[in-house]
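# Architecture at a glance
As a plain string of letters, each chain reads:
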Amino acid sequence: MSATSAVVVRRAPTFHVRTARPEDAAELAALSRPFVRSGALRERPVSLYAAHAADFLVAEAPDGTVEGCVGLRVHSAAPGEGRGSVGVVYNFCVSGRRQGSGVGAALLRAVLARARAESLDALFTATTGGGGLFLRYGFVPTAVCLAPPSWAESLDPRRNARILARSL
């Protein structure tokens, strides 16, 4: 390298993952809005984000900005069903300026750790996109009939979402 060459070192954005709080509800709704407009997510009112804040993990920048979020809803097994509780990963989104920076991967690792800590047997999700991140983390396409019935019944068939699952 010559004396006139400069080396540019780009540092990954710093953020930490934490459980959402009810006061994060407006930010969660705002973060999700572009994905709702594109058809990737269902619209949820701010009140629903507030009521279910404990379901969510958020990636928070040092300035307090929420850069991404993911929800995990636990579905207990029905008596005689022959399996343990499972989880549904939902409302997974990362701000446009942070996509490709590792925020989504960090959120997915955190939700997998939470699912293991809660002794869930499997995770399910629905995606209208390619699902590449999920596939890289061991999710595979599955039949909707294997998913928790109450969640499967809530899916809108017009969205043509793929159902993915991962055993834990």
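Further up the page is the structure itself.
Given the structure is predicted, the values throughout are model-derived calculations rather than measurements.

Of the regular secondary structure elements, the chain holds five helices and seven strands. In sequence order, the secondary structure elements of the chain are arranged as β-α-α-β-β-β-α-β-α-β-α-β. When each of the 168 residues of the chain is scored for burial, the buried share is 39%. Sequence-distant contacts in the chain: of pairs separated by 6 or more residues, those separated by 24 or more amount to 69%. Carbon and sulfur atoms provide 54% of the accessible area of the chain, an area that totals close to 9200 Å².

Before going further, it helps to examine the sheet that holds strand 4 (residues 86–94). Here we have seven strands laid out as an open sheet, ordered 1-2-3-4-5-7-6, and mixed in their pairing. Looking along the sheet, the strands with just one partner apiece sit at the ends: strand 1 (16–19) and strand 6 (140–141). One ladder, built from five bridges, connects strand 2 (residues 56–60) with strand 3 (residues 66–75); its direction is antiparallel. The partner of E60 across the bridge, within strand 3, is V66. Its contacts with the sheet place helix 1 (residues 25–38) against strand 2, strand 3 and strand 4, and it is angled at close to 95° to strand 3. Along the sheet, helix 3 (residues 103–117) contacts strand 1, strand 2, strand 3, strand 4, strand 5 (122–127) and strand 7 (162–167); its crossing angle with strand 3, the most-contacted strand, is approximately 25°.

Here the focus is the packing of aromatic side chains. On inspection of all chains with the given rule, the structure shows four aromatic pairs. Arranged with centres 5.3 Å apart and planes meeting at 65°, the rings of F56 and Y90 form a pair that is edge-to-face. You can see F56 sitting in strand 2 and its partner Y90 sitting in strand 4, a full 34 residues away along the chain. Between the aromatic rings of F92 and F134, the centroid separation amounts to 5.6 Å while the plane-to-plane angle is 75°, which identifies the pairing as edge-to-face.

Attention shifts here to helix 1. In a regular helix each residue adds 1.5 Å, so 14 residues correspond to 20 Å; helix 1 covers 20 Å between its end C-alpha atoms and thus fits that length. The largest bend along helix 1 reaches roughly 40° and is located at S32, with the proline P34 sitting one to four residues downstream. What helix 1 keeps buried is the set A25, L28, A29, L31, S32 and F35. Just downstream of helix 1, G39 is the residue with a positive phi angle, here 90°.

Attention now moves to helix 3. When the terminal C-alpha atoms of helix 3 are compared, their 21 Å separation across 15 residues agrees well with the 21 Å that a helix rising 1.5 Å per residue should span. Among the 15 residues that make up helix 3, 11 are buried, leaving the element largely enclosed by the rest of the structure. Taken residue by residue, helix 3 has V103, G104, A105, A106, L107, L108, A110, V111, L112, R114 and A115 as its buried positions.

Another point: the pairing of strand 7. Relative to strand 7, strand 5 runs antiparallel, the two sharing six bridges. Residue pairing across strands places A126 opposite I163, the latter belonging to strand 7. Of the strand pairs in this sheet, strand 6 and strand 7 are connected by two bridges, and their pairing is antiparallel. The residue bridging V140 from the neighbouring strand is A165, located in strand 7.

Calculation criteria
- Residues numbered from 1 in each chain as written.
- Predicted model: local features only at pLDDT ≥ 70, side-chain atom pairs only at ≥ 80, totals over all residues.
- Heavy atoms only, no water.
- Helix = DSSP H or I, 4+ residues; strand = E, 2+ residues; numbered from the N terminus.
- Buried < 20%, exposed > 50% of the residue type's maximum accessible area, 1.4 Å probe, protein only.
- Contact = heavy atoms within 4.5 Å.
- Areas by Shrake-Rupley, 256 points an atom, 1.4 Å probe, with all protein chains shown as cover.
- Pairing = 2+ DSSP bridges.
- Axes fitted to C-alpha atoms, helices over the stretch in contact; angles between N-to-C directions.
- Phe/Tyr/Trp six-rings, centres within 6.5 Å; stacked < 30°, edge-to-face > 60°.
- Expected span 1.5 Å × (residues − 1).
- Bend = angle between axes of the 7 residues up to and from the residue.

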